[in-house]
Amino acid sequence: MTMSVAARTAPGAILRDTVTITNLGPSTADSATVTVATPAGLTLLGVTGDCSSLPCALNGLTASASRRLVVSFRVPATYTGADPIIIGGRVTTTVATDSAPANDSTAVTTTLDAGTLTGVVYEDRNTNDSRDGGEPGIGAVPVRVVTSVGDTLRTVTLTDGTWTLTRVATGAATVEVTDSAGTLPLRRISGVNEVVVPVVFQSTVTDAPVAMQFFADVITTLAGPATGASGAPLTYA
């Protein structure tokens, strides 16, 4: 029994394990049962090839004959399990004498391609698009990240305005920040509230929209007389 998977995977990705069962002989395996364990935290999506489900019965496997199946797993976007991910498999047969029992089971590993994305939201009081002394962070601000594999991750800023998301899939991620009510985008000076930033494997990347502030247009309406006498005061309210 042999198995192979990609050397690296990412949160939100589909992980495919190719399993090959070969009867090295000399006898026919009248009944062979294949099992592949689903790693903790992953979801089994399905089985294709010479099997459609697990465990899988392969009957009448003659000497030197092989069977192949592909087991697909989903790595959740919010995966917090072991890294590397280990997938184990086993085949049991009715052959009276197994000349090489050690090859009846195997395991493969894959490593997460993921990084840490961090940022801060604060009041840009002097509107210079840069954080200066005396500009406090803004807490409880929702942050939404769309990863390179299309998954959406969400968090909120801490009281000091900082936020962190770990195990973000590598590649380009889109970061969006909204106000605490979730109704009005927090915009940069450019007026853009979405920024695409790179996520690098096993490194911390500070997202670009660190200079965030609320914008509001205030219109004041005054009422008063249309004309007045020369030298007399005019009052508007």
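Here the structure is a predicted model, which means the values were calculated and not measured.

K.L.:
How would you summarise the pattern of salt bridges if you had to cite specific residues and measurements?
P.N.:
In the structure shown here, the tally under the stated rule is three salt bridges. For arginine 8, the salt bridge is made with aspartate 113, and the minimal N-O distance between the two is 2.7 Å. Here arginine 8, found in strand E2 (residues 8–9), pairs with aspartate 113, found in the loop between strand E9 (105–112) and strand E10 (114–120); they are 105 residues apart in sequence, far enough to count as distant. With its nearest N and O atoms 2.9 Å apart, the salt bridge here joins arginine 74 to aspartate 151. Of this pair, arginine 74 sits in strand E7 (residues 66–74) while aspartate 151 sits in the loop between strand E11 (142–146) and strand E12 (152–156), and the two are 77 residues apart along the sequence. For arginine 74, a relative accessible area of 28% translates into the label partly exposed.

K.L.:
So what's going on with the nonpolar core? Which residues, and what values?
P.N.:
Soluble globular proteins tend to pack their nonpolar side chains together in the buried interior. The biggest cluster of nonpolar side chains holds 26 residues, and the ones touching the most others in it are Val19, Ile21, Val34 and Val36. Contributions of two or more residues to this core are made by strand E3 (14–22), strand E4 (29–36), strand E6 (56–61), E7, strand E8 (85–93) and E9. Counting residues per element, this core draws most heavily on E4, at four residues. When near neighbours in sequence (up to four residues on either side) are disregarded, valine 19 contacts Met1, Thr2, Met3, Val34, Val36, Arg67, Arg68, Leu69 and Val71. Counting residues in each nonpolar core, the second largest holds 14 residues, with Val141, Leu153, Leu165 and Val168 among its members.

K.L.:
Can you explain the confidence of the model for the chain? Please cite residues and give values.
P.N.:
On average, residues of the chain score 77 in pLDDT, and 73% of them reach the 70 mark or higher. Confidence scores differ between elements of the chain, with strand E16 (residues 204–206) showing the lowest mean pLDDT of 41 and strand E5 (residues 43–49) the highest of 97. Contacts of residues 187–194 to residues separated by more than four positions or lying in other chains number 25 contacts, the stretch itself having pLDDT below 50. Overall, residues 200–221 carries pLDDT values under 50, and its contacts beyond four positions in sequence, including any with other chains, amount to 66 contacts.

Cut-offs applied
Residues numbered from 1 in each chain as written. Predicted model: local features only at pLDDT ≥ 70, side-chain atom pairs only at ≥ 80, totals over all residues. Heavy atoms only, no water. Salt bridge = Lys/Arg side-chain N within 4 Å of Asp/Glu carboxyl O. Helix = DSSP H or I, 4+ residues; strand = E, 2+ residues; numbered from the N terminus. Buried < 20%, exposed > 50% of the residue type's maximum accessible area, 1.4 Å probe, protein only. Core = buried A, V, L, I, M, F, W, Y, C linked by side-chain atoms within 4.5 Å. Contact = heavy atoms within 4.5 Å. pLDDT = per-residue confidence, 0-100.

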